[in-house]
Amino acid sequence: LSSDVPTPLHYQGRFYVLNGARKKLVCFDASGKIHWTGSLPAKGIFQASPTAADGRIYMMNFPGEVFVVQAGGSEFKLLHTTAMAEGENNLRASIPFSHNNLFIRTSRNLYCIGSK
């Protein structure tokens, strides 16, 4: 298990390691048992660290593609992908959370996403 650049994530009793160059996310527990490994269909590499909230893991890569993966479970589940930036290819911002909102920062915009 190698995280390359992103910092590993500990969430709800499990560890998540994102290898940004290989575009793979691994979920394992403290004993080292791997629960799943998933490939992210990304156009660019990841250097931002994954973050988690509300049972989901959020990641953004260099070109601004955001990936949402279901936390936990026995298999990898990619829930959603979306492009948050156009023409950019050097984004390294992790996605933080505050007051039930998530914040996605590109080099041109700051997005606040939440429910009403």
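Heads up: the structure comes first, above all this text.
What comes next concerns the included structure. Everything quoted here is computed from the prediction, not taken from an experiment. (Residues numbered from 1 in each chain as written. Predicted model: local features only at pLDDT ≥ 70, side-chain atom pairs only at ≥ 80, totals over all residues. Heavy atoms only, no water.)

Structural notes on the packing of aromatic side chains
Argument step 1. The tally for this structure, following the rule as stated, stands at five aromatic pairs.
Argument step 2. For the ring pair Tyr16 and Trp36, a centre distance of 5.9 Å and an interplane angle of 45 degrees mean the geometry is tilted. One end of the pair, Tyr16, is in strand 2 (residues 14–19); the other, Trp36, is in strand 4 (residues 34–39), and 20 residues separate them in sequence.
Argument step 3. For Trp36, a relative accessible area of 5% translates into the label buried.
Argument step 4. Three or more aromatic residues link up through ring pairs in this structure, and these residues are Tyr16, Trp36 and Phe76. (Phe/Tyr/Trp six-rings, centres within 6.5 Å; stacked < 30°, edge-to-face > 60°. Helix = DSSP H or I, 4+ residues; strand = E, 2+ residues; numbered from the N terminus. Buried < 20%, exposed > 50% of the residue type's maximum accessible area, 1.4 Å probe, protein only.)

Examining the sheet that holds strand 8 (residues 78–83)
Argument step 1. Read across the sheet, four strands follow the order 5-6-7-8 without closing on themselves; strand pairing throughout is antiparallel. What marks the edges here is a single partner per strand, and that holds for strand 5 (51–53) and strand 8. Averaged over neighbouring strand pairs, the angle between their axes works out to 20 degrees when direction is ignored. (Pairing = 2+ DSSP bridges. Axes fitted to C-alpha atoms, helices over the stretch in contact; angles between N-to-C directions.)

Some details on the environment of Cys27
Argument step 1. Residue placement: Cys27 occurs in strand 3 (residues 24–28).
Argument step 2. We classify Cys27 as buried; its relative accessible area is 0%.
Argument step 3. Placed 16 residues apart in sequence, Cys27 and Lys43 show a C-alpha to C-alpha distance of 22 Å.
Argument step 4. In this structure, Cys27 is in contact with Arg14, Phe15, Tyr16, Lys33, Ile34, His35 and Trp36, ignoring residues within four places of it in sequence. (Contact = heavy atoms within 4.5 Å.)

Section: the nonpolar core
Argument step 1. Counting 16 residues, the largest nonpolar core has Tyr16, Leu25, Leu40, Phe46, Ile57, Met59 and Val69 as the members making the most contacts within it.
Argument step 2. When contributions to this core are tallied by element, the ones reaching two or more residues are strand 1 (9–11), strand 2, strand 3, strand 6 (56–60) and strand 7 (65–70).
Argument step 3. What Phe46 contacts, discounting residues up to four positions off in sequence, is Pro6, Leu18, Gly20, Lys23, Leu40, Met59, Met60, Asn61 and Phe67.
Argument step 4. The next biggest cluster of nonpolar side chains, apart from the first, holds 11 residues, and it includes Met84, Ala85, Ala93 and Leu102. (Core = buried A, V, L, I, M, F, W, Y, C linked by side-chain atoms within 4.5 Å.)

Focus on the pattern of salt bridges
Argument step 1. In this structure the tally under the stated criterion is two salt bridges.
Argument step 2. In this structure, Asp54 and Arg56 form a salt bridge, with 3.0 Å as the shortest nitrogen-oxygen distance.
Argument step 3. Take Arg56: its relative accessible area is 30%, and that puts it in the partly exposed class.
Argument step 4. In this structure, Arg108 engages Glu88 in a salt bridge whose closest nitrogen and oxygen atoms are separated by 3.6 Å. Here the residue Arg108 occupies a position in the loop between strand 10 (101–105) and strand 11 (110–114), and Glu88 occupies one in the loop between strand 8 and strand 9 (97–98), the gap between them amounting to 20 residues. (Salt bridge = Lys/Arg side-chain N within 4 Å of Asp/Glu carboxyl O.)

Topic: unusual backbone geometry
Argument step 1. Here the phi dihedral of Gln12 falls at roughly 50 degrees; this positive angle occurs in a residue that is not glycine.
Argument step 2. Among the secondary structure elements, Gln12 is positioned in the loop between strand 1 and strand 2.
Argument step 3. On the accessibility criterion, Gln12 (58% relative accessible area) is exposed.
Argument step 4. A positive phi angle, close to 60 degrees, is found at Lys23, a residue other than glycine.
Argument step 5. With respect to the secondary-structure elements, Lys23 resides in the loop between strand 2 and strand 3.

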